[in-house]
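# Descriptive analysis of the structure
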Amino acid sequence: MGHDALASLIPGAIIVDRDLSVHSDLSAAVRESTRPTSIVRRATSVRTAPSTSQLQAAPSFSSSADFSSVLKAVTVSAASSVLSGYDQGVIAAAMLTMRPALGLSGVQQELSIGVTNVAAAFGGVLASYVAEARGRKLAICIANLFFLVGSLAIAAAQGFWLLFAGRALQGVGVGFALVVAPVFTAELVPAAQRGMLVSLSDCSTNLGILLGYSSGLVFLHTPSGWRWMFAVGGVPAVLIVLVIWAVPESPRWLVGVGRDRTALSALNALYTSALAADKFLADIQGEREAAARSEHSGSWRQVLWHEDGVLRGMIWRGLAIAFFSQAIGTEAVVYYAPEIVRAAGVRSDRDVLLATMAIGGVKLLVLLVASQLFDRLGRRPLLLASGVGLLAGLVTMAAGELVPSERAARALALGGLCGYMGAFSLGFSPLTYVMCSELFPSSVRARAMSLALFVTRIVAGVISSSFVSVRHALGGAGTWLLFAPVALGAIVFVALLVPETRGHSLEEVAGIFRARAHERERAAACLLYTSDAADEEDS
């Protein structure tokens, strides 16, 4: 008896054949067991490909998404970003008491802060291999193991070198989280909500930064409080390692490694419509087949110099956005915010921490508001507004260093700092990895994301490792004005070379760039034709 006939005789049954991979996602089967007709559709859809007309009539991914399942997966992913942010914020707050306790020099302070970014750069590259070979979930698990070991090493540090080693381990975890979390989220969510949900990773990072700042105030008067600040960061890491296995794996990764049936199980866990899941699977399979026709599919050669000029342009635009996001100096401000606040005239440790928390709160609040606008106003307008705000903040902070009045200087410095961090949260902070996840082709997405992270971490590492020295050499005003031309360059770049990607599936974004390239070719052909015609008339 055939599978379809048997399914019609026994409603609600899951038809098992020799390939048991249909059951690889047990949680999806349990969830679907309360909807018998849905199970029959899944069982038959594994064996019978829907017709083209059925796929065209399938409901949209956005309308059929099971957001309880999607949000569960996205939330676990975002939790790793919270830890990543906490590790950035906690070192800034801890330095107020850690530096005298361990007898750190200024150079050792710079190195212990900067090593995290450098380690994150190489951790991001390693993350790409793990994410491509073993899956997104395992990569997130490894990120949290690095967070755990690094936090415990710092909590036990008696001198510079164990602190340095712990910060390096945390940096590797940061690299893993920054590469995998946005990729994992982008590959799970519908296009209409992708900007908001992918930005959840950045919201989570900024929440972690604020929590790291706040921990300084909580443990300010606790003996060896800075040790507890790092130790508590290990608790969430353990929980994430345990919980990550309860969410679906990325369907795009599963298709990429040839596990189509498991991918369909994951899609059925994420979408209430079986036809929508089938259509999503068909789109991903088509992209895989197109990538397979390329000689260097998924290789580093494709990342660095893709043979398809359109895709090459997309990759390099994403990398340029990543570069600008850190070359403006934002990472150094996050790490050295307490010292910048103290230089503005705030004296006591308590007041410094409160002011730093206020700056972190402004950064997070603007980000939460902006996350509601990504899918309404679009990516491009917010990137432009962010660049303008960053430039204005830098000029304002430079003015605060030059005015003679102490009260005016403090107001300009703190106001400019809040405006600067708020402007970063408006666009370049959350949208860097949103744009990268949308611009990078799926065949090289994980590797390209790791390269984008490598660029951001190396740039951030160089700046944060030299910020104190540069500030001493150039002065406050000179340091802020050093970053102003970079902010201006970012504005020009986005205005001229970055199109809007809002509301398009990851597979459709390449079509936007191909259409633009076709328009440029037509314009060039028309210009050449006009020039030739003019030459003929002259002759």
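None of these values were measured; they are calculated from a predicted model.

Reading the values: rules and limits
- Residues numbered from 1 in each chain as written.
- Predicted model: local features only at pLDDT ≥ 70, side-chain atom pairs only at ≥ 80, totals over all residues.
- Heavy atoms only, no water.
- pLDDT = per-residue confidence, 0-100.
- Helix = DSSP H or I, 4+ residues; strand = E, 2+ residues; numbered from the N terminus.
- Contact = heavy atoms within 4.5 Å.
- Buried < 20%, exposed > 50% of the residue type's maximum accessible area, 1.4 Å probe, protein only.
- Patch = residues over 30% accessible without salt bridge, like charges linked within 9 Å, V, L, I, M, F, W, Y side chains within 5 Å.
- Areas by Shrake-Rupley, 256 points an atom, 1.4 Å probe, with all protein chains shown as cover.
- Salt bridge = Lys/Arg side-chain N within 4 Å of Asp/Glu carboxyl O.
- Axes fitted to C-alpha atoms, helices over the stretch in contact; angles between N-to-C directions.
- Parallel < 35°, antiparallel > 145°, perpendicular 65-115°, else oblique.
- Left-handed = near helix turned anticlockwise from the far one by under 90°.
- Phe/Tyr/Trp six-rings, centres within 6.5 Å; stacked < 30°, edge-to-face > 60°.
- Lys NZ or Arg CZ within 6 Å of the ring centre and 35° of its normal.
- Core = buried A, V, L, I, M, F, W, Y, C linked by side-chain atoms within 4.5 Å.
- Polar contact = N/O pair within 3.5 Å; in protein donor to acceptor, adjacent residues only side chain to side chain.

### Describing the confidence of the model for the protein
- Confidence in the prediction for the protein averages 79 pLDDT; 79% of positions are at 70 or higher.
- In the model of the protein, helix 2 (residues 26–32) stands out as the element of lowest mean pLDDT, 37, in contrast to helix 21 (residues 379–402), which has the highest, 94.
- Low pLDDT, under 50, characterises residues 1–47; the predicted model gives this stretch 61 contacts beyond four residues in sequence or across chains.

### Some details on the environment of Gly419
- For Gly419, the position within the fold is in helix 22 (residues 406–426).
- For Gly419, a relative accessible area of 36% gives the class partly exposed.
- For the pair formed by Gly419 and Thr396, sequence separation is 23 residues and the distance between their alpha carbons is 8.9 Å.

### A short note on a nonpolar patch on the surface
- A cluster of nonpolar side chains, namely Leu488, Val492, Leu496 and Leu497, defines an oily patch on the protein surface of about 360 Å² accessible area.
- Along the polypeptide, Val492 turns up in helix 24 (residues 445–497).

### Remarks on the packing of helix 9 (residues 160–186) against helix 24
- In the contact formed by helix 9 and helix 24, the axes pass within 9 Å of each other and the chain directions differ by 135°. The angle between helix 9 and helix 24 falls in the class oblique. Helix 24 is crossed by helix 9, and the crossing has right-handed handedness. Seen from helix 9, the contacting residues are Gly175, Leu178, Val179, Pro182 and Val183; seen from helix 24, they are Arg445, Ala446, Met449, Ser450, Leu453 and Arg457.

### Looking at the packing of aromatic side chains
- Under the defined criterion, the tally for this structure stands at nine aromatic pairs.
- Arranged with centres 4.9 Å apart and planes meeting at 65°, the rings of Phe160 and Trp161 form a pair that is edge-to-face.
- A relative accessible area of 10% places Phe160 in the buried class.
- Members of the aromatic cluster, each reached through a chain of ring pairs, are Phe160, Trp161 and Phe164.
- Across from the ring centre of Trp305, 4.2 Å away, lies the NZ or CZ of Arg312, which sits over that ring.

### Re the nonpolar core
- Met98, Phe428 and Trp480 are the most contacted members of the largest nonpolar core, which has 78 residues in total.
- Take this core: its biggest share by element is 11 residues, from helix 24.
- Among the nonpolar cores identified, the runner-up in size contains 42 residues, and Val76, Phe176, Cys436 and Val444 belong to it.

### Brief notes about the pattern of salt bridges
- Inspection of every chain in the model, using the stated rule, returns nine salt bridges.
- Glu438 is the partner of Arg379 in a salt bridge, and the nearest nitrogen-oxygen pair spans 2.5 Å. A residue pair is termed long-range when its members are at least 10 positions apart, and Arg379 in helix 21 and Glu438 in helix 23 (residues 428–439) qualify at 59 residues. As far as the burial class goes, Arg379 and Glu438 line up, both buried.
- Between Glu401 and Arg471 there is a salt bridge, and its shortest N-O distance comes to 3.1 Å. With Glu401 in helix 21 and Arg471 in helix 24, the pair connects residues that are 70 residues apart, well separated along the chain.
- In this structure Arg471 comes out as buried when scored by relative accessible area, which is 16%.
- Linked by salt bridges that have partners in common, Arg347, Glu406 and Arg410 make up one network.

### Concerning unusual backbone geometry
- You will see that Ser224, though not glycine, has its phi angle at about 50°, which is positive.
- With respect to the helices and strands, Ser224 occurs in the loop between helix 10 (191–218) and helix 11 (225–231).
- Its relative accessible area of 42% is what places Ser224 among the partly exposed residues.

### Considering the side chain of Asn144
- Along the chain, the position of Asn144 falls in helix 8 (residues 136–155).
- Residue Asn144 is classed as buried on the basis of its relative accessible area, which comes to 0%.
- Engagement of the side chain of Asn144 in a polar contact is seen with the backbone oxygen of Ile140, the distance being 2.8 Å.
- Those residues in contact with Asn144, other than ones at most four positions away along the chain, are Ser80, Leu83, Ala237, Ile240 and Val241.

### So, helix 14 (residues 260–270)
- With respect to burial, helix 14 is a largely interior element, 10 of its 11 residues being buried.
- Listing the buried residues of helix 14 in full gives Asp260, Thr262, Ala263, Leu264, Ser265, Ala266, Leu267, Asn268, Ala269 and Leu270.

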